[in-house]
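Chain by chain, the residues:
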Amino acid sequence: MDKRRSEWVMGLMVSAIAYFSLFYINDWLTTHLAYGLGVNWIYLPAGLRLLLTLIFGLSGAVGIAMASFLICFFGQFPPELITCIGIGLISGFAPYMARVLVVSNINIAPDLSNLSLQKLVICTLIYAALSAGFHQWWFAIRGLDEAGTLNHFLVMWIGDVLGTVLLIGLIKAGLDLLKPSKLA
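Being a predicted model, the structure only gives us computed values, none of them experimental.

Caption draft 1: Layout of the packing of aromatic side chains. Considering all chains together, one arrives at seven aromatic pairs under this definition. Their ring planes at 65° and their centres at 5.2 Å tell us that Phe20 and Tyr24 sit as a pair that is edge-to-face. In this pair, Phe20 and Tyr24 are both assigned in helix H1 (residues 3-29), four residues apart and thus about one turn of the helix distant. Centre to centre, the rings of Phe73 and Phe74 are 5.1 Å apart; their planes meet at 85°, and the pair counts as edge-to-face. Through a chain of ring-to-ring contacts, the aromatic side chains of Phe20, Phe23, Tyr24 and Tyr43 assemble into a single cluster.

Right under this line is the structure:
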């Protein structure tokens, strides 16, 4: 297997395993913050979706889509193949679409070398709107739990934004802790 193919597969596997794991950690931590089926006031995996697709691109999106399909099919959603395929595709490709829009329109280098806080905020808001919009549209089409309402969209958007901000903040704090102290 050539280097490029192995990197693509690695991105897919890391994304699938990380997303799958954080989904269940988030579910455990924020059960009391659930608003409805698939809608949460704080959704940490949203931040991971965005980061994984920013870092790995298409392979990250595919890994997230696969993990999301499995979570949906074997989780709280009705185990309907078409419903779960749609949810998986939206989960993986809404952040990828945000990445494509931001990289091409806001002058972010494909390797993210010039990613600033302002550009990350724009990307987060675009991603959250795409994700919440597509999910609520799909939930309404599939007839799921009062989906498609403005309330569900807003709560999902807020949950995705808050989850992204919290996850990025946690990662930043963790990286700061790993830096050697300048006082030593």
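Caption draft 2: The arrangement of the packing of H1 against helix H3 (residues 58-73) in detail. One can describe the packing of H1 onto H3 by two numbers: an axis separation of 7 Å at closest approach and a directional angle of 40°. On the basis of the axis angle, H1 is oblique to H3. Where H1 crosses over H3, the handedness of that crossing is right-handed. In this structure, H1 uses Trp8, Gly11, Leu12, Ser15, Ala16, Tyr19, Phe20, Phe23 and Tyr24 to contact H3, whose residues at the interface are Leu58, Ser59, Gly60, Val62, Gly63, Ile64, Met66, Ala67, Ser68 and Ile71. Grouping the amino acids of the contact of H1 with H3 by side-chain chemistry returns 13 nonpolar, six polar and no charged.

Caption draft 3: Fine view of the nonpolar core. Membership of the largest hydrophobic core comes to 26 residues, with the highest contact counts inside it found for Tyr19, Leu54 and Leu167. Every element with two or more residues in this core is listed here: H1, helix H2 (44-56), H3, helix H4 (81-105) and helix H5 (117-141). Element by element, the count of residues in this core is highest for H2, at seven residues. In this structure, Tyr19 is in contact with Tyr43, Pro45, Leu48, Arg49, Ile64, Ala67, Ser68 and Ile71, ignoring residues within four places of it in sequence. Grouped together as the second largest cluster of nonpolar side chains are 13 residues, Cys84, Ile90, Ala132 and Val155 included.

Caption draft 4: Region of interest: the side chain of Ser91. Inspection of the secondary structure puts Ser91 in helix H4. Polar side-chain contacts of Ser91 include one of 2.9 Å to the side chain of Ser68.

Caption draft 5: Just the packing of H5 against helix H6 (residues 150-178), in detail. Relative to each other, H5 and H6 sit at 140°, their axes nearing to 8 Å. For the element pair H5 and H6, the recorded crossing hand is right-handed. For the pair H5 and H6, the contacting residues are Leu120, Thr124, Leu125, Tyr127, Ala128, Ala129, Ser131, Ala132, Gly133, His135, Gln136 and Phe139 in the first and His152, Phe153, Met156, Trp157, Asp160, Val161, Thr164 and Ile168 in the second. Of the residues belonging to the contact of H5 with H6, the class tally is 12 nonpolar, seven polar and one charged.

Caption draft 6: Quick peek at the pattern of salt bridges. What the rule picks out here adds up to two salt bridges. The residue Lys3 makes a salt bridge to Glu7 at a minimum N-O spacing of 3.8 Å. With Lys3 and Glu7 both in helix H1, this residue pair falls four residues apart, about one helical turn. Since its relative accessible area comes to 45%, Glu7 is described here as partly exposed. The shortest N-O distance in the salt bridge between Arg142 and Glu80 comes to 3.7 Å. With Arg142 in the loop between H5 and H6 and Glu80 in the loop between H3 and H4, the pair connects residues that are 62 residues apart, well separated along the chain. Under the relative-accessibility criterion, Glu80 is labelled partly exposed at 35%.

Criteria and thresholds
- One numbering rule holds for all chains: residues counted from 1, following each sequence as written.
- Only residues with pLDDT of at least 70 get local features here, since the model is predicted, and only at 80 or more are side-chain atom pairs given and counted; chain-wide, interface and lining totals rely on the full set of residues.
- Each side-chain value is derived from all of the structure's non-hydrogen atoms; neither hydrogens nor water enter the calculation.
- For Phe, Tyr and Trp, where Trp contributes only its six-membered ring, two rings pair if their centres lie within 6.5 Å, and the inter-plane angle classes them as stacked under 30 degrees, edge-to-face over 60, or tilted in between.
- A run of H or I in DSSP counts as a helix once it spans at least four residues, and a run of E counts as a strand once it spans at least two, with each numbered from the N terminus.
- The axes used here are C-alpha line fits, helices contributing only the stretch in contact, and every angle between their N-to-C directions lies in the interval 0 to 180 degrees.
- Geometric relationships in this document are graded by angle, where less than 35 degrees denotes roughly parallel, more than 145 denotes roughly antiparallel, 65 to 115 denotes roughly perpendicular, and other angles denote oblique.
- Put simply, a crossing is left-handed when the front helix is turned counterclockwise from the back one by less than a right angle, and right-handed when it is turned clockwise.
- Only heavy atoms matter for contacts: two residues are in contact if any of them lie within 4.5 Å across the pair.
- Following the grouping adopted for this structure description, the nonpolar residues are Ala, Val, Leu, Ile, Met, Phe, Trp, Tyr, Cys and Pro, the charged ones are Asp, Glu, Lys and Arg, and the polar ones are all others, Gly among them.
- Only buried residues count toward a nonpolar core. Its members are Ala, Val, Leu, Ile, Met, Phe, Trp, Tyr and Cys residues joined through side-chain atoms within 4.5 Å.
- We call a residue buried when its accessible area falls under 20% of the maximum for its residue type, exposed when it is over 50%, and partly exposed in between, using a 1.4 Å probe and counting protein chains only.
- As used in this structure description, the phrase polar contact means that two N or O atoms lie within 3.5 Å; if the pair is within protein, one of them must be able to donate a hydrogen and the other to accept it, and residues adjacent in sequence are counted only when both atoms belong to side chains.
- For this document, the term salt bridge refers to a Lys or Arg side-chain nitrogen within 4 Å of an Asp or Glu carboxyl oxygen.

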